[in-house]
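# Fold and geometry: a report
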Amino acid sequence: MSYAIGIVTYQPDKQRLQENILSALTNQEAGHVFIVDNHSSNLSDIQQLVADYPRTVLVENDDNKGIAHALNQIAECAEKQGYEWFVTLDQDSVMPKRSMDEYEQYTQDDDIGIICPSVVDRNMGAEYNPSHQETDVIHQCITAGNLVRLEAWKKAGGFSEELFIDGVDFDFCLKIEKAGYKILRVNRIQLLQEVGHGKKIPLPFHHQMSVLHHSPTRLYYIARNYLYIGQKHHQRWHWAVEVAKRMFIVLCFEKNRWKKLRYMLIGIRHSMKGILGKCPL
């Protein structure tokens, strides 16, 4: 089984992007590596990297069209080249060498739409419900490190470009399940990821809270898109609680809290008015 690998970039760190490309190319069954760049100011650095690796193709967007648009471009490139699967990576994620080859044994099940790794955050350690099982069928995963069945991507209607960023992955997971596919997490494969500038805050009774220190703009997208996802998938209460949690964390533990809260409130208002796409602020 051959598959394409896709990396979405925006102002990437050149060294980490190179590490990402090299790790991807260690997989024996890897075909093309498609890098979709969302109008980075350091595009020349990316062009130099691509020139060093003959199987790597650069798609240059003339504007930042958002991560969902870029992911759909990767899927379209993979489809044109005749692949049945494609891998989704981003500039901050580095997969262990040959990890994608290990996914292959799970691709024979026709009802699996996404195969994903467990996640280790660079700042906070193991995240996202670590498990001692070899695999788990789960309901949500982040985009980075996923092996996606092209047929499932198409039946699900692709990634939702109106979201632009934040929540694109969770929305896609819900669409994949509605299309009749499962999401399988391979727990021994660990993705090294960095979400914001996160750290753990100790709480009473041996509990901890993740504080991510996102920018005001990212928090605008989170508040707006999470509420939109809740309305779209009939999960309003769940996603409203997620937004409320983020607001509480910002208020209690983060700097620049009032600007961040203002952006979140604008995001909530825009969600109610149906204003989507790129942040207008």
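As a reminder, the structure under discussion sits directly above these lines.
Notes on the structure follow.

What counts as what
Residues numbered from 1 in each chain as written. Predicted model: local features only at pLDDT ≥ 70, side-chain atom pairs only at ≥ 80, totals over all residues. Heavy atoms only, no water. Salt bridge = Lys/Arg side-chain N within 4 Å of Asp/Glu carboxyl O. Helix = DSSP H or I, 4+ residues; strand = E, 2+ residues; numbered from the N terminus. Buried < 20%, exposed > 50% of the residue type's maximum accessible area, 1.4 Å probe, protein only. Expected span 1.5 Å × (residues − 1). Contact = heavy atoms within 4.5 Å. Core = buried A, V, L, I, M, F, W, Y, C linked by side-chain atoms within 4.5 Å. Polar contact = N/O pair within 3.5 Å; in protein donor to acceptor, adjacent residues only side chain to side chain. Axes fitted to C-alpha atoms, helices over the stretch in contact; angles between N-to-C directions. Parallel < 35°, antiparallel > 145°, perpendicular 65-115°, else oblique. Left-handed = near helix turned anticlockwise from the far one by under 90°. Nonpolar A, V, L, I, M, F, W, Y, C, P; charged D, E, K, R; others polar. Phe/Tyr/Trp six-rings, centres within 6.5 Å; stacked < 30°, edge-to-face > 60°.

### Concerning the pattern of salt bridges
Scanning the model with the defined rule gives 12 salt bridges in all. Put simply, Arg218 and Asp166 hold a salt bridge, and the shortest N to O gap is 2.5 Å. Taken together, the positions of Arg218 in helix α7 (residues 216-232) and Asp166 in the loop between α5 (150-156) and α6 (168-178) put the pair 52 residues apart, joining distant regions of the chain. Its relative accessible area of 28% is what places Arg218 among the partly exposed residues. It is possible to trace a salt-bridge network through shared partners that takes in Glu102, Glu134 and Arg188.

### Quick look at helix α9 (residues 257-273)
Taking 1.5 Å of rise per residue, 17 residues should cover 24 Å, and α9 covers 24 Å from first to last C-alpha, within 8% of that figure. For α9, the complete set of buried residues consists of Lys260, Leu261, Tyr263, Met264, Ile266, Gly267, Ile268, His270 and Ser271. Structurally, α9 contributes buried residues whose contacts are with α7 and α8 (236-253). Looking one or two residues past α9, Gly274 carries a phi angle of roughly 75°, positive in sign.

### Details of the nonpolar core
Membership of the largest hydrophobic core comes to 44 residues, with the highest contact counts inside it found for Phe86, Ile114, Trp153, Phe159, Phe172, Ile176 and Ile183. Excluding its chain neighbours within four sequence positions, the residues that come into contact with Phe172 are Ile114, Val148, Trp153, Ala156, Gly158 and Phe159. Counting 33 residues, the second-largest nonpolar core is a separate cluster that includes Ile5, Ile46, Val87 and Ala144.

### With respect to the side chain of Asn64
Note that Asn64 resides in the loop between β3 (56-60) and α3 (67-80). Overall, the relative accessible area of 17% leaves Asn64 in the buried class. At 3.5 Å, the side chain of Asn64 and the side chain of Asn38 are in polar contact. Within the local environment of Asn64, its side chain forms a polar contact with the backbone nitrogen of Gly66, the two atoms lying 3.1 Å apart. With residues near it in sequence (within four places) discarded, Asn64 still touches Tyr10, Asn38, His39, Phe164 and Lys278.

### Looking at the packing of α6 against α7
Here α6 crosses α7 at 15°, and the two axes come no closer than 10 Å. Taken as axis vectors, α6 and α7 run roughly parallel relative to one another. Both α6 and α7 take part in a crossing whose hand is left-handed. Residues Phe170, Asp171, Leu174, Lys175 and Lys178 of α6 touch α7, and the partners they reach there are Tyr226, Ile229 and Lys232. Taken together, the residues that form the contact of α6 with α7 break down as four nonpolar, no polar and four charged.

### So, unusual backbone geometry
One non-glycine residue, Phe164, lies in positive phi territory at about 70°. Classification of Phe164 as buried rests on a relative accessible area of 8%.

### Overview of helix α1 (residues 14-25)
Its 12 residues place the ends of α1 17 Å apart at the C-alpha level, agreeing with the 16 Å of an ideal helix rising 1.5 Å per residue. Among all positions in α1, only Leu17, Asn20, Ile21, Ser23, Ala24 and Leu25 are buried. In this structure, the buried residues of α1 make contact with β1 (3-9), β2 (30-37), α2 (43-52), β3 and β4 (85-90).

### Section: the packing of aromatic side chains
Counting across every chain of the model gives seven aromatic pairs. Judged by centre distance (4.0 Å) and plane angle (25°), the ring pair of Phe159 and Phe172 falls under stacked. Linking Phe159 in the loop between α5 and α6 with Phe172 in helix α6, this pair joins segments that are 13 residues apart in sequence. Taking the relative accessible area as the measure of exposure, Phe159 reaches 4% and is therefore buried. Exposure remark for Phe172: the relative accessible area of 3% places this residue in the buried category. On the numbers, 5.5 Å between centres and 10° between planes, the contact of Phe164 with Tyr221 is stacked. Placement of Phe164 in the loop between α5 and α6 and of Tyr221 in helix α7 is noted, with a sequence separation of 57 residues between them. The pair Phe164 / Tyr221 is uniform in exposure class, with both members buried. Pairwise contacts between aromatic rings join Phe164, Tyr220 and Tyr221 into one cluster.

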